[in-house]
Amino acid sequence: MAKITKKPDKEKIGVFLCHCGTNIAGVVDIPALAGYTRDLPGVEMVDEYKFMCSQPGQDLIKDSIKKHKLTKVIVAACSPLMHENTFRKACEEAGLNRYCFIMVNNREHNSWVTEDKALALQKAKDLIRGAVARAFWLEPLEVKEVGVNPNVLILGGGIAGIQAALDLAESGRTVYLVEREQSIGGNMAKFDKTFPTLDCAACILTPKMVSVGQHPNIKLWNYAEVDEVSGFVGNFKVKVRHKATSVNFEKCTGCGICQEKCPVKRPSEFDEGLGNRKAIYTLFAQAVPNKPVIDRVNCTYYIKGKCKVCEKFCEPKAIDFEMKDSVEEIEVGSIILATGFHLWEAGQMPELGMGKYPNVLTSLQFERMSNSSGPTLGKILLKDGREPESVAILHCTGSRDVNYHEYCSRVCCMYALKFAHLIKEKTKAHVYNFYIDMRCFGKGYEEFYHRLLEENVTFIRGKAASVTDRAENESESGKLIVMGEDTLSQKLLRLPVDMVILTNAIEPQLDAQEVARKFKISCAGGGFFLEKHPKLAPVATASDGVFIAGACQSPKDIPDTVAQGQAAASAVFALTQRGKVELEATTAIVDEELCSGCEICLSLCPYQAISHNAEKKISAINDALCKGCGTCAAACPSKAIFARHYTNQQILAELEGVLNERI
Amino acid sequence: MQAVTPYLEVTDAIMEAGGEKLKTCLQCGACTGSCPWAPVNGFSVRSMIRLSQFGLEGIEKMMWECSTCKQCEVRCPQGLPIIDVVKAARTVFSQGGLLPGPLRNVVGSLVSKGCPWGGEKEVRYDWMAGRPVPDFGPDKENLYFTCCTYAYDPRNRKVGEATVEVLNKAGLSWGVVKTGEVCCGEAVNKMGETELFGKLKDTNHKLFVDHKATSIITGSPHCYHTFTKEYPGGYKVRHISQVLADAVDSGKLKLSKSLLKKITFHDPCYLGRHNGIYDEPRAVLKAIPDAEFVEMPRNREDSLCCGGGGGKIWMEVPAGERLSDFRVQEAIDTGAQILVVDCPYCLTNFEDSRKVLNAEDKIQVMDLVELVKTVI
């Protein structure tokens, strides 16, 4: 009989051993474990089942609670992350408080990490002994509910943010759509056609942009950024900084004369440096809102103190050079981050000639060139104005490459096909695609690949190794020479072409880490925002009430991005529709008698959940903000703080249980 | 087409011999597309790796085409240590005497004489006779390691001689252990002769430790590479170009004589791509009064291999396929009158190519140290 220090109370503990198919039972000897467990003190009954999470499994728990009048329940199964809630619910349905339940991780912590059956059984015994010892000290806790503010903040006005905003606005929610650029539209607004259907991006995007601008439930805050976020699910407080646009949007009519008259020319970021914009500018002709902002870094007035040409021509007197940033605080119940992606700078691969040869283009530069409202009005042209006779598209530029980005950027194969089609449609050029693998996984994608084969595009199975302008003979003179192996024919190719288009990797926004910190979510490997579960909770995050959508989560095409925008909207809808949300009761609590008011805990709390009560000179913990991490409890010099469900007594009992070998 | 069956025992053997990562090759071909040999003789290192993944015939022939220049590794998107795979294949197929003819002599010489050039141990230090070469001892800061090529090859010997003069002029505290040194073993290691390499390594390492050497200077980038990457360590190692750059920068070595010539620099693979030393030799060259420094189109990370690494210096390469010929031509095309190198293999190959190309009146080939000697 194991030695367990137990509270004198009479407890009736039920232990349920899950096989998880063969996941656990294939390694851990369940009958032996059951036999051992039955002899532990306080254990009233032990049962086992193939899948405890299934309906019959849950019913087994519920029936046993009633039949044996169980006071505590232990389930040894998978990770609590997976099914703790399932079993807590089962307990509650049988009348047992959810905090009188313990989950033992017999899979991830045991059967999945060893092949040694003897050791696995030993560990399972240890873990269960610990759980039984702790079970004596568990106490029922009261679950509180808080209201959910129906308003929503969406950060990022690309297609993901736009879709989420429209869906939520339609459902009657008030949406604050915060976009840091002059206009919404994001990267999609730069695209020409879209694969595989070849409908033009603007044709399907701009109507949605206009709807956003006009919707009574959407507050479109462009040229704005989030400074600070506080609060918790259902009750966030967000400080939004309206950057000084130098243009009074109330007065501005969007007539555009200021842009026409401004004498400053700058490379247009929207046109990826292929065209120019003015110092007072809208991103593009169909910008929403269609009201310009002044780029103060490059405006002559801000540099030299004189000019004001825009002001001179502005009839409604909308120019306001003295405008300052203003901060507005809003309250929202939920947040969707739809901050999109950044295009990797291929300059880090000098062998591909980006920045060195003018006819080597990035993918977005080609999108702008091919776009009929772009800098060449949709003509595919070389720097000298000629049409190219041959073009090479190089796949996997900085993607699938351990030196840069290990992951596949997921959209490049398909837009490379689209590029090839557009080039064939608009020029007489022959098109070569250097690829490692063609990844055409979506609906209609393989068919599109087939169509491009029919269009006589040459596919070279090999990663292009270098691009140079070093001609070896007359016919190569003035050309870009792409070197690469066609691995299928096993031939080294030396390919003179006029234009090279790279498929730059899709990477996280450069400030993704900072944004993640602000909203208390995490970034995964590669730097994209981390979802709560890659399959089952793809738009939720570890921070309740904060959702993610689109390419900020991982590289995505438009259909998937829109789907995530709608998924995030529906998650928010479900949250706000319920109107209230349960708070985890496993929070920390201050013993007012013991607290000396030293305030050490205040600075340590990662969730800013502790404040100082000046009147009583003690610390006070906000239950809604506290995540029960226990940092304060561990640090408190007076031992005045304890964490509910993880009291010292509970933890020590469990440790004692784990470490006490069978006598 | 004849059907073949994979022979995975061979794959396993190559993997066990240090080529384990061959299993992660995606077969994208970026290596072949980057390889300097591919355009001249059709060598496909990708194909060699593919055959290794199946253990199929052909590896044993292809594996000797590689000069371990590392151009493929720099661009491999999988970060595959390709040279390790080549080396492992050589170990599996050739270790213990199955080497191509010329390399058998090299191994024989290394076993019996400790140098790959067939030179006798007794004469290793003869080139120093009558020159002010200090003995290395506790009073000396730097141990200068005499590469076998400097000791036995007449052309390279001049580089050794120049080094003596330059190091003394720079006022450096240095000396040579004038007995017991053997080849650093770099080439034989790349030839897959790991056991022999181990013996050479132990001999030199013991010599360094016994003499309490804390700082070693090498003339050859191959010695530098091996001491820093393959030896147990415990001592600082500097290549002569780093020593010269320091001495010029600190003013200890004054480059005072004018050189009214156009010069270019060839980055040796084992100095540049293998060890990232690009700036130091250039800093020295740019400090020479009046000299006009020009770059070749392929420079730094993009430098073209001379063809001499990985044991190839001893192998016969057919005319028309010699990389050094292309490289010397590239140097001539820049208009440079002096092609400066910093590696004994490059020097040997380029001197040959100068003759083959009948370009002896067009361009001179000099080691960095030799050139420095003329301007101090």
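How each quantity is defined
Residues numbered from 1 in each chain as written. Chains lettered and ligands numbered in written order. Predicted model: local features only at pLDDT ≥ 70, side-chain atom pairs only at ≥ 80, totals over all residues. Heavy atoms only, no water. Helix = DSSP H or I, 4+ residues; strand = E, 2+ residues; numbered from the N terminus. Rg over C-alpha atoms; globule rule 2.2 N^0.38 Å. Buried < 20%, exposed > 50% of the residue type's maximum accessible area, 1.4 Å probe, protein only. Contact = heavy atoms within 4.5 Å. Areas by Shrake-Rupley, 256 points an atom, 1.4 Å probe, with all protein chains shown as cover. Lys, Arg positive; Asp, Glu negative; His and termini not counted. Charge placed at Lys NZ, Arg CZ, Asp CG, Glu CD. Arc of directions from axis to C-beta. Pairing = 2+ DSSP bridges. Axes fitted to C-alpha atoms, helices over the stretch in contact; angles between N-to-C directions. Salt bridge = Lys/Arg side-chain N within 4 Å of Asp/Glu carboxyl O. Polar contact = N/O pair within 3.5 Å; in protein donor to acceptor, adjacent residues only side chain to side chain. Nonpolar A, V, L, I, M, F, W, Y, C, P; charged D, E, K, R; others polar. Left-handed = near helix turned anticlockwise from the far one by under 90°. Domains from an automatic or database assignment. Buried area = accessible area lost by both parts, 1.4 Å probe.

## Focus: the overall build of chain B
Part 1 of the argument: The helix and strand tally for chain B stands at 18 helices and eight strands.
Part 2 of the argument: The C-alpha atoms of chain B give 21 Å as radius of gyration, which agrees with the globular expectation for 376 residues (21 Å, within 12%).
Part 3 of the argument: Taken over the C-alpha atoms alone, chain B extends approximately 70 × 50 × 35 Å along its principal axes.
Part 4 of the argument: In chain B, buried positions account for 60% of the 376 residues.
Part 5 of the argument: Across chain B, contacts joining residues at least 24 apart in sequence account for 76% of those joining residues at least 6 apart.
Part 6 of the argument: Carbon together with sulfur atoms contributes 50% to the accessible area of chain B, which is approximately 14,800 Å² in total.
Part 7 of the argument: Averaging the positions of the 45 positive and the 47 negative side-chain charges in chain B gives two centres separated by 2 Å.

## With respect to helix α1 (residues 30-38) of chain A
Residues and elements named next belong to chain A.
Part 1 of the argument: All of the buried residues along α1 are I30, L33, A34, Y36 and T37. Burial along α1 is one-sided: seen end-on, the buried residues are contained in an arc of 165°.
Part 2 of the argument: Its buried side turned inward, α1 meets β1 (13-18), β2 (43-49) and α5 (117-135).

## Side note on the sheet that holds strand β3 (residues 72-77) of chain A
Residues and elements named next belong to chain A.
Part 1 of the argument: Across the sheet, which stays open at both edges, the four strands sit in the order β2-β1-β3-β4 with parallel pairing between neighbours. In this open sheet, the two edge strands, each paired with only one partner strand, are β2 and β4 (101-105). Across the sheet, the mean angle separating the axes of adjacent strands is 15° when strand polarity is ignored.
Part 2 of the argument: With five bridges joining them, β3 and β4 adopt parallel strand pairing. Bridging across to β4, V73 finds its partner in F101.
Part 3 of the argument: Set on the sheet, helix α3 (residues 80-93) makes contact with β3 and β4; between it and β4 the angle comes to about 150°.
Part 4 of the argument: Helix-sheet contacts for α5 involve β1, β2, β3 and β4, and the interaxial angle to β4 is about 165°.

## Describing the interface of chain A and chain B
Part 1 of the argument: Facing the 18 residues of chain A at the interface are 22 residues of chain B.
Part 2 of the argument: At the junction of chain A and chain B, the tally comes to two salt bridges.
Part 3 of the argument: Here D302(B) ties to R470(A) by a salt bridge, and the two come within 3.8 Å at their closest N and O atoms.
Part 4 of the argument: Linking chain A to chain B there are ten residue pairs in polar contact (both at pLDDT 80 or more).
Part 5 of the argument: For the side of chain A that touches chain B, the element with the most residues is strand β23 (residues 480-486) of chain A, which contributes three residues.
Part 6 of the argument: By residue class, the composition of the side of chain A that touches chain B is five nonpolar, six polar and seven charged.

## Description of unusual backbone geometry
The bulk of non-glycine residues show a negative phi, and the bulk of peptide bonds are trans.
Residue and element names in this part refer to chain A.
Part 1 of the argument: Put simply, F195 and P196 share a cis peptide bond, and its omega is -10°.
Part 2 of the argument: Mapped onto the fold, P196 is located in the loop between β7 (175-178) and α7 (201-214).
Part 3 of the argument: You will see that R410, though not glycine, has its phi angle at about 75°, which is positive.
Part 4 of the argument: Overall, R410 belongs to the partly exposed group, its relative accessible area being 32%.
Part 5 of the argument: Phi is positive for Q490, close to 60°, though the residue is something other than glycine.

## So, the packing of helix α11 (residues 363-370) of chain A against helix α12 (residues 412-426) of chain A
Residue and element names in this part refer to chain A.
Part 1 of the argument: It is the contact of α11 with α12, at a shortest axis distance of 11 Å, that shows an interaxial angle of 35°. Like other packed secondary-structure pairs, α11 and α12 cross with a definite hand, here left-handed. Residues S363, F366, E367 and S370 of α11 touch α12, and the partners they reach there are Y415, K418, F419, L422, I423 and K426.
Part 2 of the argument: Among the residues forming the contact of α11 with α12, the class breakdown is five nonpolar, two polar and three charged.

## Considerations on the domain arrangement of chain B
Residue and element names in this part refer to chain B.
Part 1 of the argument: Annotation of chain B at the domain level lists domain 1 (4-94), domain 2 (101-245) and domain 3 (253-375).
Part 2 of the argument: For domain 1 and domain 2, the distance between their C-alpha centres works out to 30 Å.
Part 3 of the argument: With seven residues of domain 1 in contact, the opposing surface of domain 2 contributes seven residues.
Part 4 of the argument: Across the domain 1/domain 2 interface, buried area totals approximately 590 Å², and carbon plus sulfur atoms make up 58% of it.
Part 5 of the argument: It is W64, K87 and T91 in domain 1 that bury the most area against domain 2; as a group they hold 62% of the surface buried on that side.
Part 6 of the argument: In this assembly, domain 1 and domain 2 are joined by zero salt bridges.
Part 7 of the argument: On inspection of domain 1 and its partner domain 2, the count reaches three residue pairs in polar contact (both at pLDDT 80 or more).

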